[in-house]
Amino acid sequence: MHVEVDEPKCVSAGLCVMSAPDVFDQRDDDGVVILLDSDPDTALDEEVREAAGLCPAAAIRLVEK
Amino acid sequence: MNRILVVGASAAGLAAAEALRREGYDGELTLVGDEPDAPYDRPPLSKQILSGEWEPHRLPLRSPADLDALGLDLRLGIGATGLDLAARTVLLGDGSRVPYDGLVVATGVRPRRLPGTGHAHVLRTLDDALALRDRLGPGRRLVIVGAGFLGAEAAAVARGLGCEVTLLEPAPVPLAHAVGEEVGRVLSGAHREHGVTLRTGVTVGEVTDGGVRLADGELVGADEVLVAIGSVPNTEWLADSGLTVDNGLVCDEYSAAAPGVYGAGDVAHWHNPLFGARMRIEHRTNAAEQGMAAARNLLRPEARKPFAPVPYFWSDQYDMKVQAFGYLRGHDEVTVVEGDLDERRFMVAYRTGDRLSGVLVVGLPPRAIRPWRAAIAARTPWAEAVRTLAPAAGVV
Ligand SMILES: Cc1cc2nc3c(=O)[nH]c(=O)nc-3n(C[C@H](O)[C@H](O)[C@H](O)COP(=O)(O)OP(=O)(O)OC[C@H]3O[C@@H](n4cnc5c(N)ncnc54)[C@H](O)[C@@H]3O)c2cc1C
Ligand code: SF4
């Protein structure tokens, strides 16, 4: 799975980091999402889908391979 | 289960539909919504859409391709008008009936209005936001009734557009019931600094042609009026259905309203076991979380899990981002645990009974917040939370 984030949409809720800490982090100053891994291991698919579903800004987009 | 119906095509309904597919449900999935638009996001309506920073094409929650991939029977622009629980059928506004094996109710809320003959805006839908945005500009006089989060955000945006803004609020301190007096005062201070005329302790009786009339008879003149005084759950279509409606659809700790019927999002009034309290939460994140939880419990009745989230809310006003975690209502004590209220860079913690029930943060990094959120989720006693997480605050 390929992951994309739309930074300007992000509202810094941090739910992605709680769901998939190996894939997402947040900037220190404004909490905006940092994509750590745009093509994470398939073992993380579940977590990443959870993060995308929870993101309150629809800022995470997944492209299934 | 081979026929699932989700009523309400917004954040909660979409999250439920997506979760059903993600969990492997491949039966019929019908999503009904009375707005004509595909599911879109509401929080930007009072922020980037009202300010003109974003055009409406940025609002859809999913791309057409992603929506298509869900294999939905998507019926937009049609409302549900009735529910026959015994026959497991929902009646739609066009006269059709949709039978279901499982039902998710996600019909949200609509704005409360004021009586009177004058025109007043409300802010809930894309059309509402565009209509208001059209009328704002330099020198326009906007009166906003209600200084809650919605009214406050609109005030901030309207000031940015050069309007003369008057904010009318019945309480002595705006938002005090929600976030406490101290924080309410900090937020009001920001509005006054930015030139908003904030009048507290005033009750508006009606909307008139030239503005609003206060309960004591005074007329407050305006070019435009925005009424932001809370909302009413959309449950009329459930009347006489046998489901319990009381300030929303009453649900148990699994988010279930009846066997095979779940509620999610702004409309759901459910028992949150984490706080041992019934609550109805109008927060964007809760809509997604509860939609997902409802979907999972509906699909796997044998492995149901209580829906016990730490509620989360954010609000953008001027250059402040306010973030709150937990259930702050009815708190017994508020304490600053980091930063300084006057600098608008702080964290306050809320005590309810002997527990840490929530925190509210302005201008601090995510790293500072996470341990507190974890402590709320872990039902940490107040004294312990403050001792371990804020030793410098010197409380307790
Ligand atoms: C202007 C604005 C700003 C906001 N800002 C924030 C914010 O900064 N942070 C935050 O956390 N939250 C914010 N919120 C709240 C957040 O948007 C809501 O919590 C969220 O939209 C709830 O989603 P929902 O799906 O439960 O309900 P809704 O979004 O209300 O969706 C319900 C849908 O069901 C439809 N419907 C109603 N009755 C029927 C029927 N009988 N048949 C079919 N369809 C029906 C409605 O038309 C609507 O499309 C804001 C809300 C608004 C309006
Ligand atoms: S969940 Fe969404 S809004 Fe929140 S930090 Fe992650 S990307 Fe941003």
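Calculation notes
- Residues numbered from 1 in each chain as written.
- Chains lettered and ligands numbered in written order.
- Predicted model: local features only at pLDDT ≥ 70, side-chain atom pairs only at ≥ 80, totals over all residues.
- Heavy atoms only, no water.
- Helix = DSSP H or I, 4+ residues; strand = E, 2+ residues; numbered from the N terminus.
- Contact = heavy atoms within 4.5 Å.
- Pairing = 2+ DSSP bridges.
- Axes fitted to C-alpha atoms, helices over the stretch in contact; angles between N-to-C directions.
- Near = heavy atom within 4 Å.
- Nonpolar A, V, L, I, M, F, W, Y, C, P; charged D, E, K, R; others polar.
- Salt bridge = Lys/Arg side-chain N within 4 Å of Asp/Glu carboxyl O.
- Buried < 20%, exposed > 50% of the residue type's maximum accessible area, 1.4 Å probe, protein only.

## What to know about the environment of Arg379 of chain B
All names here are of chain B.
Item 1. Its place among the elements puts Arg379 in the loop between helix 9 (366-377) and helix 10 (382-389).
Item 2. Between the C-alpha atoms of Arg379 and Arg355, which are 24 residues apart in sequence, the distance is 6.7 Å.
Item 3. Once residues lying within four places of it in the same chain are set aside, the contact partners of Arg379 are Pro273, Leu274 and Arg355.

## Notes on the sheet that holds strand 10 (residues 164-169) of chain B
Residue and element names in this part refer to chain B.
Item 1. Reading across the sheet, the 4 strands line up as 11-10-9-15 and stay open at both edges, with parallel pairing between neighbours. With partners counted over all chains shown, the strands left at the sheet margins are strand 11 (197-200) and strand 15 (224-227), one partner each. Mean inter-strand twist for the sheet, computed between neighbouring axes without regard to direction, equals 15°.
Item 2. Judged from the 4 bridges that link them, strand 9 (residues 141-145) and strand 15 form a sheet pairing that is parallel. Looking at strand 15, one finds that Val143 is bridged to Val225.

## Comments concerning the site of ligand 2
Item 1. Lining the immediate environment of ligand 2, one finds Cys10, Val11, Ser12, Ala13, Gly14, Leu15, Cys16, Val33, Cys55, Pro56 and Ile60 of chain A.
Item 2. Here the shell around ligand 2 is composed, by residue class, of 9 nonpolar, 2 polar and no charged.

## As for the pattern of salt bridges
Item 1. All told, the structure shown has 30 salt bridges over all chains when counted by the stated rule.
Item 2. One salt bridge connects Arg344 of chain B with Glu193 of chain B, and the closest N-O pair in it is separated by 2.9 Å. Of the two residues, Arg344 of chain B is situated in the loop between strand 24 (333-340) and strand 25 (345-352) and Glu193 of chain B in helix 7 (residues 181-193); the sequence distance between them amounts to 151 residues.
Item 3. Looking at Arg344 of chain B, the relative accessible area reads 21%, which means it is partly exposed.
Item 4. Among the ionic contacts, a cluster of salt bridges with common partners joins Glu7, Arg27, Asp29 and Asp30 of chain A.

Nothing here speaks to function; it is all geometry.
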